[in-house]
Amino acid sequence: MDPGQLAVLRTPEGTAALAAARDALAAGRTVVALRARGVPPATAAAAFTQAELRARAVAKFGDDAHRMFFTRAGLQQATRAVVADRRAARLRAAGVCTIADLGCGIGADALAFARAGIRVYAVEADPATAAVAEANAQALGLTDLVSVHCGDATSAPLEDVDAVFCDPARRSPEGRRVFDPAAFSPPWEFVAGLPRRIPRTVLKLAPGIDHALVPPGAEAEWVSVDGEVVEATFWFGPLARAPRRASLLRAGAVAELTGTGERLAPVDRPRAFLYDPDGAVVRAHLVAEFAATVDGVLADPSIAYVYADAAAPTPYARCFQVDEVLAFSVKRLRAALRDRGVGRVEIRKRGSALDPATLRRALRLSGEGSATVVLTRVAGAPVALLCRPATAEGLGPTG
Ligand SMILES: C[S@@+](CC[C@H](N)C(=O)[O-])C[C@H]1O[C@@H](n2cnc3c(N)ncnc32)[C@H](O)[C@@H]1O
């Protein structure tokens, strides 16, 4: 969406076209429905695209999505409100009153800072995206606290802010994900140097970021939402409170685990219950800290499955009862599942190169029963664990 289209959508005619587009979309109609109502073709197309993006954005922004504006790339890269609000609340609680958001995109983080009462100086290099961020601040009634500037973050003045946030673009112009920090925009060299200028710096990064890039003294946090790891956040200076943190957001609740990221869990034979830790725990290198909470062990030092004698309620992992441990062979696994009348399997794996779809086909199962098959290694040897979810009330996020 270019700034001209955005301007049209913000006129009374554009607002009416957006409402009509939302209705048409809900009724399963196409853009033709808008044109039939006399909406000019260009406005109809822009309104319909915007309605589609808003519908998709509800997952990240709830009902606010229907008042906000999006570019396709901006929505893709935007932080979901539940994560941005939590970050903003932590900054506000740490006494932050003014913040620079360097590369603000469509403004998801900037809006959250403002909702928390923080004044935001938002900078965005792309003029169309900057215009969208500005429109969003206006749409949500936050212009008193958010000012958006179109320009290069690397030359933004930072004298008057007490904190800095940067969520560098990690996609190529074609929309492909970029993993090498050297290809980030603003450039990694600039981003990594921010804490030297403004000690209270926060960086949002991809969950796959290398631990080697966490500077000594910084906190690296991995955040998951409903089991999906959505980002890593580096907290610097007085904002850092623990070397590593896993924050699990699920159904309005937050569970946090902290530690050094360097502890090793005890290694022993598999036990009666297997815990599959949330991705945020694994990415944060806090498996040993988690294992200690359930008196658990690993069965292989390099694999993040935790085994324990008891099923304990935990927000940090899914818990399964282990019915049998088989040295892996397709034939042996097929026979064991047939003996149990298992026709449906959920296949989970860590430390196995097997393709679950190929294995499922090779098993040729039939029967009424179901089971969870865990492909992994015990002391280096490939095994298949026949499991079932530990279903007692309160056991893990999904029981
Ligand atoms: C990952 S997005 C930010 C998303 C934002 N945090 C949100 O949740 O909506 C990064 C943004 O930085 C912008 N950007 C990249 N390089 C920049 C630079 N040198 N100066 C200012 N903005 C830049 C990109 O255009 C993109 O919109």
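Residues numbered from 1 in each chain as written. Predicted model: local features only at pLDDT ≥ 70, side-chain atom pairs only at ≥ 80, totals over all residues. Heavy atoms only, no water.

A. Spatial organisation of the overall build of the protein chain. When helices and strands are tallied, the protein chain shows 13 helices and 16 strands. For the protein chain, the spread of C-alpha atoms along the three principal axes comes to 70 × 55 × 35 Å. Classification of the 399 residues of the protein chain by burial places 50% in the buried group. Per element, the accessible surface of the protein chain, about 18,000 Å² overall, is 53% carbon and sulfur. In the protein chain, which carries 48 positive and 43 negative side-chain charges, the distance between the mean positions of the two groups comes to 6 Å. (Helix = DSSP H or I, 4+ residues; strand = E, 2+ residues; numbered from the N terminus. Buried < 20%, exposed > 50% of the residue type's maximum accessible area, 1.4 Å probe, protein only. Areas by Shrake-Rupley, 256 points an atom, 1.4 Å probe, with all protein chains shown as cover. Lys, Arg positive; Asp, Glu negative; His and termini not counted. Charge placed at Lys NZ, Arg CZ, Asp CG, Glu CD.)

B. Molecular detail of the site of the ligand. With respect to spatial proximity, 20 residues lie near the ligand, and among them T79, E124, A153, D167 and S185 are the closest. In this structure, A108 approaches the ligand through a main-chain N or O atom, which is 3.2 Å from an oxygen atom. Side-chain polar atom of D167 to a nitrogen atom of the ligand: 2.8 Å apart, as the coordinates give it. Looking at side-chain class alone, the shell around the ligand contains nine nonpolar, seven polar and four charged residues. (Near = heavy atom within 4 Å. Polar contact = N/O pair within 3.5 Å; in protein donor to acceptor, adjacent residues only side chain to side chain. Nonpolar A, V, L, I, M, F, W, Y, C, P; charged D, E, K, R; others polar.)

C. Structural context of the nonpolar core. Ranked by internal contacts, the top residues of the largest apolar core, which has 55 residues, are L34, F61, F70, L91, I99, F113 and V120. Broken down by element, this core gets its largest block of residues, eight residues, from helix α4 (residues 41-61). Composition of this core by domain shows at least three residues from each of domain 1 (3-70) and domain 2 (75-241). Not counting the four nearest positions on each side in its chain, F70 is found in contact with M1, Q50, L53, R54, A57, F61, A65, L75, I106 and V132. (Core = buried A, V, L, I, M, F, W, Y, C linked by side-chain atoms within 4.5 Å. Domains from an automatic or database assignment. Contact = heavy atoms within 4.5 Å.)

D. Helix α8 (residues 127-139), seen in detail. When the terminal C-alpha atoms of α8 are compared, their 18 Å separation across 13 residues agrees well with the 18 Å that a helix rising 1.5 Å per residue should span. Of the positions making up α8, those classed as buried are A128, T129, A130, V132, A133, A135, N136 and A137. Looking one or two residues past α8, G141 carries a phi angle of roughly 70 degrees, positive in sign. (Expected span 1.5 Å × (residues − 1).)

E. Examining the packing of helix α12 (residues 330-339) against helix α13 (residues 356-363) more closely. Taken N-terminus to C-terminus, the directions of α12 and α13 make an angle of 65 degrees; their axes are 10 Å apart at the nearest point. In terms of crossing hand, the pair formed by α12 and α13 is right-handed. Residues V330, L333, R334, L337 and R338 of α12 touch α13, and the partners they reach there are L359, A362 and L363. Of the residues contributing to the contact of α12 with α13, the split by class is six nonpolar, no polar and two charged. (Axes fitted to C-alpha atoms, helices over the stretch in contact; angles between N-to-C directions. Left-handed = near helix turned anticlockwise from the far one by under 90°.)

F. Structural context of the sheet that holds strand β5 (residues 201-205). Taken together, the nine strands give an open sheet; going across it, the order is β3-β2-β1-β4-β5-β7-β6-β8-β9, and neighbouring strands pair in mixed fashion. Both outer strands of the open sheet, β3 (146-150) and β9 (253-259), are each paired with one neighbouring strand and no more. Taking the axes of each pair of neighbouring strands and ignoring which way they run, one obtains an average angle of 20 degrees across the sheet. Pairing of strand β4 (residues 163-166) with β5, which is carried by three bridges, proceeds in the parallel orientation. Paired with F165 across the strands is V202, a residue of β5. Docked against the sheet, α8 engages β2 (119-124) and β3, running at close to 170 degrees with respect to β3. (Pairing = 2+ DSSP bridges.)

G. Fine view of the side chain of R90. Among the secondary structure elements, R90 is positioned in helix α6 (residues 81-93). The class of R90 is buried, set by a relative accessible area of 12%.

H. Inspection of the pairing of strand β15 (residues 369-378) at higher detail. Within β15, seven of the ten residues are buried, which leaves the element mostly enclosed by the surrounding structure. With α13 bridging strand β14 (residues 342-349) and its parallel neighbour β15, the resulting β-α-β unit is left-handed. Inspection of the sheet shows β15 paired to strand β16 (residues 381-389) by seven bridges, in the antiparallel sense. The residue of β16 that forms the bridge with V373 is L386. In this structure, the hairpin formed by β15 and β16 is closed by a connection of two residues, where A379 is found at a positive phi of approximately 50 degrees. (Right-handed = clockwise from strand over helix to strand, strands pointing away.)

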